[in-house]
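This is what each chain is made of:
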Amino acid sequence: MKRFDRYLCSAVLLATGAVFLAFLGLITVFALLEEAGENKAGYTLGEALLYVALTLPRRSYELLPYAVFLGSLVGLGHLASRWELVTLRAAGVSVFRLFAGLGWAVLGIALAGAALGEWVAPEAEARAEARKARASRAGEAISIAGWYREGPLYMRVDALSPGGALVGVRQYRLDGEGALERVREAAGGFYVAGDVPHWVLHDVLETHVGENATVVERLPEVHWLGEIDPRLLGERSLVDPRRLSSGNLQYRIGYLEREGFDASVYRLALWSKWLQPAAIFGLVLLALSFVIGPLRETGLGTRVSAGIVVGLCFKYLQDLLAPISQVYGLDAPVAVALPIAACWLAGFWGLRRVA
């Protein structure tokens, strides 16, 4: 059985690789056509090509579960059409033993996908969005205008320079009664990592508001020991929450909860990342139940068509539950796990019918 396990895994891996490359090629062409249609000064075809190239890790990560599902249908279906799976079952090998034989291949794919989604894709995505924003603005600072809060301190940053420094920083600090206590305006600032991480603000105009007088100071620089760091005030602020690393998502969730903001979008993104390996295993289980069951004697075209329909249904169910969970207050783990659980249950039910 160990030899056949390797044979089973190689069949699925080869088919998954072929499906993955085919779909990634199509997605890349469509993405390039979309980016080439951007009518922005400075955003040339070369920049569009680089943007698409940098976003390929993220597109690969998002495509992976569906490529594994279709690859499993194709690879296992090829074995079924040659009666190899039937022969094994006739020899007394259970359908669940067949699924266990695929475990190493699926585990390898899941681990590779996790590494891609955690370390490669988020960094490449942040660079892609930053380059696109700068190209559209002819290399100028990227606008990240927005308000941030840290306890009694409220802050607004206008933009991010090409070197990653902040441009146009305004801070408003309130006292215990909610009255304005201090206003700080800085031309810019940069982050200093080390034993005591902090921000250095330069060209600062600081106004202290007192009961009887207002004092204005002009300072060359001010060291601000804030808990906010470049994970929040940096290129990653341009990236969609679903495309951030789990470490960055946890940081943002902690920040939002600490400041009393809603972090449901980031929780959904985090649990989607954590549960993607379970989704991959569930889709492979479902593919095996299809091949051994209703799609055993069908052709390649029928299997691929069925796989595309089921994959789309799985994706749409995931996309539908995300806003529903926010409207009705459904916990993020439950909202993410429901489609995956449905996939596992359907797979087990299908295998039980033919066991």
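First things first, this report covers the structure right here in the doc. (Residues numbered from 1 in each chain as written. Predicted model: local features only at pLDDT ≥ 70, side-chain atom pairs only at ≥ 80, totals over all residues. Heavy atoms only, no water.)

1. Points about the pairing of strand S6 (residues 214-224)
Thinking step 1. Of the strand pairs in this sheet, strand S5 (residues 198-209) and S6 are connected by 10 bridges, and their pairing is antiparallel. Bridge assignment links Glu-206 to a residue of S6, and that residue is Glu-217.
Thinking step 2. If you look at the hairpin formed by S5 and S6, you'll find four residues sitting between the two strands. (Pairing = 2+ DSSP bridges. Helix = DSSP H or I, 4+ residues; strand = E, 2+ residues; numbered from the N terminus.)

2. Details of the pattern of salt bridges
Thinking step 1. Under the defined criterion, the tally for this structure stands at 21 salt bridges.
Thinking step 2. A salt bridge links Arg-236 to Glu-123, with the nearest nitrogen and oxygen atoms 2.7 Å apart. In this pair, Arg-236 is assigned in the loop between S6 and helix H6 (246-258) and Glu-123 in helix H5 (residues 103-136), connecting sequence segments 113 residues apart.
Thinking step 3. Among the residues examined, Glu-123 registers a relative accessible area of 35% and is labelled partly exposed.
Thinking step 4. Two residues, Arg-170 and Asp-158, come together in a salt bridge whose shortest N-O distance is 3.3 Å. (Salt bridge = Lys/Arg side-chain N within 4 Å of Asp/Glu carboxyl O. Buried < 20%, exposed > 50% of the residue type's maximum accessible area, 1.4 Å probe, protein only.)

3. Regarding the nonpolar core
Thinking step 1. Counting residues in each nonpolar core, the largest one holds 49 residues, and the members touching the most others are Leu-73 and Leu-98.
Thinking step 2. The set of elements that each furnish at least two residues to this core consists of helix H1 (2-36), helix H2 (45-81), helix H3 (84-90), helix H4 (95-101), H5, helix H8 (276-292) and helix H10 (332-354).
Thinking step 3. Considering every element that reaches this core, the biggest residue donor is H8, with 12 residues.
Thinking step 4. Once you skip the residues sitting within four places of it in the chain, Leu-98 turns out to touch Phe-4, Leu-8, Leu-85, Leu-88, Arg-89, Val-93, Leu-288 and Ile-292.
Thinking step 5. Ranked by size, the runner-up nonpolar core spans 31 residues in total, among them Ala-130, Val-222, Leu-233 and Leu-249. (Core = buried A, V, L, I, M, F, W, Y, C linked by side-chain atoms within 4.5 Å. Contact = heavy atoms within 4.5 Å.)

4. Remarks on the packing of H2 against H8
Thinking step 1. Axis separation between H2 and H8 bottoms out at 9 Å; the angle between their running directions is 25°. When the axes of H2 and H8 are compared, the pair comes out roughly parallel. Seen along the crossing, H2 lies across H8 with a hand that is right-handed. Judged by residue contacts, Tyr-61, Leu-64, Pro-65, Val-68, Phe-69, Ser-72, Leu-73, Leu-76, Gly-77 and Ala-80 of H2 engage Gln-276, Ile-280, Leu-283, Val-284, Leu-286, Ala-287, Leu-288, Phe-290 and Val-291 from H8.
Thinking step 2. Grouping the constituent residues of the contact of H2 with H8 by class yields 16 nonpolar, three polar and no charged. (Axes fitted to C-alpha atoms, helices over the stretch in contact; angles between N-to-C directions. Parallel < 35°, antiparallel > 145°, perpendicular 65-115°, else oblique. Left-handed = near helix turned anticlockwise from the far one by under 90°. Nonpolar A, V, L, I, M, F, W, Y, C, P; charged D, E, K, R; others polar.)

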